[in-house]
Amino acid sequence: MLIERADVIVTSPGRNFVTLKITTDDGVVGYGDGTLNGRELAVVSYLTDHVAPLLLGRDAHAIEDTWQYLYRGAYWRRGPVTMAAIAAVDTALWDIKAKVAGLPLYQMLGGASRERCLVYGHASGKDIPELFDSVREHLEEGFRAIRVQTGVPGLDSVYGVASSAAASLGDDTRYDYEPARRSALPAEETWDTRAYLRHVPSVFEAVRGEFGEDIALLHDAHHRLTPIQAAKLGKSLEPYDLFWLEDVTPAENQEALRWVRHHTTTPLAIGEVFNSVWDYQHLIREQLIDYVRSPITHAGGITSVRRIMDYAAMYQVKSGMHGPTDVSPVGLAAAVHLGLALHNFGIQEYMVHSEQTRSVFGPTYEFALGGLRPSEEPGLGIHFDDDLAAKYPYERAYLPVNRLQDGTVHDW
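Anyway, here's the lowdown on the structure attached to this text. If you're wondering where the values come from, they're calculated on a predicted model, not measured in any experiment.

Enumeration over the complete set of coordinates arrives at 22 salt bridges. Between Asp65 and Arg58 there is a salt bridge, with the nearest N and O atoms lying 2.8 Å from each other. You can call Asp65 partly exposed: its relative accessible area is 47%. Residues participating in the shared-partner salt-bridge network are Glu246, Glu272, Arg293 and Glu349.

Before going further, it helps to examine the side chain of Arg293. Here Arg293 shows up in the loop between strand 11 (291-292) and helix 10 (301-313). Polar contacts involving the side chain of Arg293 include one to the side chain of Glu349, which spans 3.0 Å. The contact partners of Arg293, leaving out residues within four places of it in the chain, are Tyr120, Trp244, Glu246, Ala269, Ile270, Gly271, Glu272, Tyr280, Gly320, Met321, His322 and Glu349.

What follows deals with empty space enclosed by the protein. For the structure shown, the criterion picks out 3 cavities of 30 Å³ or more. Empty space within the largest cavity amounts to approximately 60 Å³. Along its surface, the largest cavity is lined by Gln149, Thr150, Val152, Val158, Tyr159, Trp191, Tyr196, Val200, His219, Asp220, His222 and Arg224. Where the lining of the largest cavity is concerned, the elements lending two or more residues are strand 5 (145-150), helix 6 (193-211) and strand 8 (216-220). Considering only residue class, the lining of the largest cavity consists of 6 nonpolar, 4 polar and 2 charged.

Bringing the packing of aromatic side chains into the picture now. In this structure the tally under the stated criterion is 17 aromatic pairs. Between Phe132 and Phe211 the ring centres are 5.4 Å apart and the planes differ by 85 degrees, which places this aromatic pair in the edge-to-face class. Taken as a pair, Phe132 in helix 5 (residues 128-141) and Phe211 in helix 6 lie far apart in primary sequence, 79 residues in all. With centroids separated by 5.1 Å and ring planes inclined at 55 degrees, the aromatic side chains of Trp244 and Tyr291 adopt a geometry described as tilted. Here Trp244, found in strand 9 (residues 244-246), pairs with Tyr291, found in strand 11; they are 47 residues apart in sequence, far enough to count as distant. Side by side, Trp244 and Tyr291 carry an identical accessibility label, which is buried.

To continue, consider the packing of helix 2 (residues 63-73) against helix 3 (residues 80-101). Close contact between helix 2 and helix 3 brings their axes to 10 Å; oriented N to C, the two are set at 170 degrees. As judged from the angle between their axes, helix 2 and helix 3 are roughly antiparallel. The interaxial crossing formed by helix 2 with helix 3 has right-handed handedness. Touching Ile63, Thr66, Trp67, Leu70 and Tyr71 of helix 2 are Met83, Ile86, Val89, Asp90, Leu93, Trp94 and Lys97, all from helix 3. Grouping the constituent residues of the contact of helix 2 with helix 3 by class yields 9 nonpolar, 1 polar and 2 charged.

This part is about the sheet that holds strand 18 (residues 409-410). Taken together, the 3 strands give an open sheet; going across it, the order is 7-17-18, and neighbouring strands pair in mixed fashion. The open sheet terminates on both sides in strands that have one partner only, identified here as strand 7 (188-191) and strand 18. As paired strands, strand 7 and strand 17 (residues 401-404) are joined by 4 bridges and run parallel to one another. Bridged to Glu189 within strand 17 is Asn402.

Cut-offs applied
Residues numbered from 1 in each chain as written. Predicted model: local features only at pLDDT ≥ 70, side-chain atom pairs only at ≥ 80, totals over all residues. Heavy atoms only, no water. Salt bridge = Lys/Arg side-chain N within 4 Å of Asp/Glu carboxyl O. Buried < 20%, exposed > 50% of the residue type's maximum accessible area, 1.4 Å probe, protein only. Helix = DSSP H or I, 4+ residues; strand = E, 2+ residues; numbered from the N terminus. Polar contact = N/O pair within 3.5 Å; in protein donor to acceptor, adjacent residues only side chain to side chain. Contact = heavy atoms within 4.5 Å. 1 Å grid on protein atoms, 1.4 Å probe; cavity = no way out; pocket = protein on both sides within 12 Å on 5 of 7 lines; lining within 4 Å. Points joined across faces, edges and corners; volume = space filled by probe spheres on them. Nonpolar A, V, L, I, M, F, W, Y, C, P; charged D, E, K, R; others polar. Phe/Tyr/Trp six-rings, centres within 6.5 Å; stacked < 30°, edge-to-face > 60°. Axes fitted to C-alpha atoms, helices over the stretch in contact; angles between N-to-C directions. Parallel < 35°, antiparallel > 145°, perpendicular 65-115°, else oblique. Left-handed = near helix turned anticlockwise from the far one by under 90°. Pairing = 2+ DSSP bridges.

Pasting the structure below:
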């Protein structure tokens with residue numbers, strides 16, 4: 001069964017997505033997600049100009065060989081653009097293989113290890129009362145694990161807080177469905193680390209006091225802290241029993257996690273900006289983290305992420321795949337299929353896509369009892385609508401830029 005077509009589709013039903021549609025010579029179609037938030041067109045060019053021509057005439061079943069061919073053959077390895085493009089190809093080929101077998105994809109990966117994948121939602125508010133409202137909404141919807149983000153006194157906007165001023169889309173709309181704003185230039189937010197460190201422990205004290213001990217709580221520091229600041233935050237949050245503390249320091253400085261680990265027992269998650277098993281080699285072997293955050297979409301596809309998780313399993317490190325709305329329903333479906341099969345699955349991030357997005361992609365995974373489960377139909381369970389996708393053209397959008405109060409560009 002040979003690859004006959006490889007079409008790159010860019011659509012923007014509420015936000016921008018890059019989808020690879022591979023068609024075989026006998027008409028089987030597979031889909032892959034190549035979305036790279038704020039840099040989508042770089043992946044489009046990589047796929048269209050450099051990868052798609054190499055796929056034509058190749059055996060659609062030769063997934064491992066195709067992965068190695070695209071990764072090693074390019075010489076320029078790794079990096080988010082390359083790995084997002086490879087991920088799109090890899091996921092589409094797994095979709096095809098499962099459809100030919102007549103099985104849901106998770107069965108091709110070893111079968112189910114659990115009934116469904118535990119997920120966490122995003123609760124946020126500019127202040128404690130608004131945060132409480134958001135937590136209640138998530139609990140009413142059935143979430144059992146919730147990421148908590150809140151505004152910081154003295155700061156107008158904080159990334160991850162849906163009602164922040166810089167998150168506004170021009171009216172009262174929350175930015176839950178589009179963390180990248182459509183604009184010619186990125187929005188800019190001012191950041192104050194000391195104010196943040198003073199405020200966050202009181203937020204979790206209030207949430208635990210209001211909602212009790214049973215709910216799993218998570219928090220994302222968005223790479224903003226130095227090692228000593230991260231250690232201080234982790235220790236200050238120990239009384240509130242977090243499921244994890246995410247991205248406490250810039251991911252490039254992996255040695256910093258050793259310092260943090262030595263000073264706090266709060267579980268650590270990192271890696272949404274990592275895109276290969278080699279990025280994790282030191283962190284996993286030294287057991288400096290507890291959860292791997294790389295999504296299938298940005299880390300080379302199912303083949304690559306399964307390789308990461310097999311390595312992580314040797315050291316009791318679990319998965320916690322990135323899954324906001326800048327991962328399309330194709331990427332989320334792939335994550336749920338893999339998560340259902342993984343022995344060392346931990347949790348899956350889940351921001352519900354907009355109705356427009358769901359209409360274009362037609363996902364069939366289901367949310368219930370605090371978790372996601374894929375459908376039993378063959379493949380990924382995606383029903384992509386080409387005609388509807390064409391009605392939503394690409395619109396330039398950027399994630400915000402953080403600056404310190406002195407104007408210095410800062411991590412986020």
